Amino acid sequence: MTGNSTIANRNAAILSVTKTEADVVIPSTRFDEELEHTFKRLRMPKGLLERLAGIKERRGWAPGRHFTDGATEAGEAALQQAGIRPEQIGLFINASVTRDNYEPAVAVGIHERLGLPSSALNFDMTNACLGFVNALTVASSMIDAGAIEYALVVAGEDPSPWHEAALARLSQDGITRDQVVQEFATLTLGCGAAAAVVGPADRHPDGHRIVGSVTRAGTEFSRLCIGGGDGMFTDATGLLNHGVGLVVEAWLDAEKDGWDWRDMDSYVTHQVSNSHTNKLIADMGLDPERVPLTFPYWGNVAAAALPMTLALEAERLEPGARVLCLGVGSGLNTTLMEIAW
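In every chain, residue numbers begin from 1 and rise along the written sequence. Side-chain atom pairs in this predicted model are given and counted only at pLDDT of 80 or more, local residue features only at pLDDT of at least 70, and totals for whole chains, interfaces and linings cover all residues. Water and hydrogen atoms were dropped before computing side-chain values, which therefore reflect all heavy atoms in the structure.

Taking an unreviewed UniProt entry as the reference, the protein is identified by name as 3-oxoacyl-ACP synthase III belonging to Kocuria salsicia.

## Quick notes on the overall build of the protein
Filter applied, for reference: By the criteria applied, helices consist of DSSP H or I runs no shorter than four residues and strands consist of E runs no shorter than two, each listed in order from the N terminus. We compute the radius of gyration over the C-alpha atoms and compare it with the globule rule, which gives 2.2 Å times the number of residues raised to the power 0.38. Here's how the labels work: a residue is buried when its accessible area is under 20% of the maximum for its type, exposed when over 50%, partly exposed in between, all with a 1.4 Å probe on protein chains only. What makes two residues a contact is simply this: any of their non-hydrogen atoms within 4.5 Å. Computed by Shrake-Rupley with a 1.4 Å probe, the accessible areas treat only the displayed protein chains as cover when residues are assessed. Within this scheme the basic residues Lys and Arg register as positive and the acidic residues Asp and Glu register as negative, but His and the chain ends are omitted. Where a charge lies is defined by one atom per residue type, namely NZ (Lys), CZ (Arg), CG (Asp) and CD (Glu).
Looking only at helices and strands, one finds 12 helices and 14 strands in the protein. In terms of overall size, the protein behaves like a compact globule, its C-alpha atoms giving a radius of gyration of 19 Å where 341 residues would be expected to give roughly 20 Å. Considering only C-alpha atoms, the protein reaches an extent of 65 × 45 × 35 Å along its principal axes. Looking at the 341 residues of the protein, the share that counts as buried comes to 56%. For the protein, contacts bridging at least 24 residues in sequence account for 80% of all contacts bridging at least 6. Of the roughly 14400 Å² of accessible surface on the protein, a fraction of 50% belongs to carbon and sulfur atoms. Of note, the protein has its 27 positive side-chain charges centred 5 Å away from the centre of its 43 negative side-chain charges.

## Side note on the packing of aromatic side chains
This is how the line gets drawn: Within 6.5 Å between ring centres, the rings of Phe, Tyr and Trp (the latter by its six-membered ring) count as paired, and their orientation is classed by plane angle as stacked under 30 degrees, edge-to-face over 60, tilted in between.
In total, this model carries four aromatic pairs according to the counting rule given. Look at W251 and W261: their rings are 6.3 Å apart centre to centre, the planes differ by 55°, and that puts the pair in the tilted class. Remark: W261 occurs in the loop between α9 (236–256) and β12 (266–269) and W251 occurs in helix α9; sequence separation between them is 10 residues. The class for W261 is buried, based on a relative accessible area of 2%. Plain terms: the ring middles of W259 and W261 are 5.2 Å apart, the flat faces sit at 35° to each other, and that makes the pair tilted. Per residue, the accessibility class of W259 equals that of W261, and both read buried. In this structure an aromatic cluster arises from ring pairing among W251, W259, W261 and Y267.

## Observations regarding the UniProt feature "domain: Beta-ketoacyl-[acyl-carrier-protein] synthase III N-terminal" (unreviewed entry) in the protein
This is how the line gets drawn: UniProt positions are given in the numbering used here, feature names are shortened, and annotations may be inferred rather than shown by experiment.
Here the UniProt-annotated "domain: Beta-ketoacyl-[acyl-carrier-protein] synthase III N-terminal" (unreviewed entry) positions come out as residues 123–215. Along residues 123–215 one finds 35% helix and 29% strand; the C-alpha atoms at either end are 21 Å apart.

## Observations regarding the pattern of salt bridges
Selection criterion: When a carboxyl oxygen of Asp or Glu lies within 4 Å of a side-chain nitrogen of Lys or Arg, that pair is called a salt bridge.
Scanning the entire structure with this criterion turns up 19 salt bridges. Across the pair K19 and E21 runs a salt bridge, and its minimum N-O distance is 3.2 Å. Residues joined in a network through salt bridges with shared partners are R216, E249, D253 and K256.

## Some thoughts on the packing of α9 against helix α10 (residues 274–284)
The packing of two helices is summarised by the inter-axis angle and the distance between the axes. Worth spelling out the cut-off: To get an axis, fit a line to the C-alpha atoms, keeping to the stretch in contact for a helix; angles then go from 0 to 180 degrees between the N-to-C directions. By definition, turning the near helix anticlockwise from the far helix through less than a right angle yields a left-handed crossing, and turning it clockwise yields a right-handed one. Three residue categories are used. Nonpolar comprises Ala, Val, Leu, Ile, Met, Phe, Trp, Tyr, Cys and Pro, charged comprises Asp, Glu, Lys and Arg, and polar comprises the others, including Gly.
At their nearest, the axes of α9 and α10 sit 10 Å apart, and the two run at 35° to each other. As α9 packs across α10, the resulting crossing turns out to be right-handed. Residues L240, N241, V244, V247, V248 and W251 of α9 form the contact with α10, whose own contacting residues are S275, H276, K279, L280, D283 and M284. Here the contact of α9 with α10 is built from residues that sort into seven nonpolar, three polar and two charged.

So, in structure tokens, the structure goes:
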């Protein structure tokens, strides 16, 4: 018995995966300029976001644009790409971290805008940056069970309120190096949206079959990253070491259960930073040429980061390619999902 939860899927496939890039490019140099006084006082060098995290820029929504606009657009594109009509959707999940209010669910507004039927189950599934992959697991399992035929999953993110709050705090006199480090990860976040349609593989031979997934919890590390109304605060070193460590533990236990992921064609990871990606590649022995990177220009787009990267990677993947999605979210939780392209 391993420490993983394992699901082997029988008849579920991703029929489409799409992305919405937010409208405005926000270079990391802008944050450097706003924090110039603090960095100078603390004798911290400029360019930390690009030098340490590898993030040159991220995206922001244009004035008047909302993260749900991006999620709706991604959902519309996913339906069109899959050739599925709104009335065929039996399950709709919003997996975003971002929300304007506690209730109602973000899903309900997007459900209405997409013209989905009243018979479509709809709700939010939040699990930090892992939410989208978790939603794919739920959707594929419900298709396997015969409960639904088609599912639509979306996530739209907007961390700009956290950016503004962090910049305001870190510009104050008396801020320490430790406080800068604690909010550093906030400034790596970016805006964007993604969507995917999941359906029965036997009806869609050109779909990308979800082979299965393993999930593992490390909730003893639940305090390493806390996000709330006043911002996001992280133990960056602890998050790096224990987050990657959890992924490696899940990988090694999965091998004992017969999963063979040593020679995949593409490893689509959650997009965090240089240090996270480099450690993941080193600790798991991955070929860096098979690990696509989007964080240098999109930043960490929370729950939308992995599916946005998958949507971009899909443009070059050939039929028959083996893809492993490596999701991880604060809490900590990880899911490794195999897709037969």
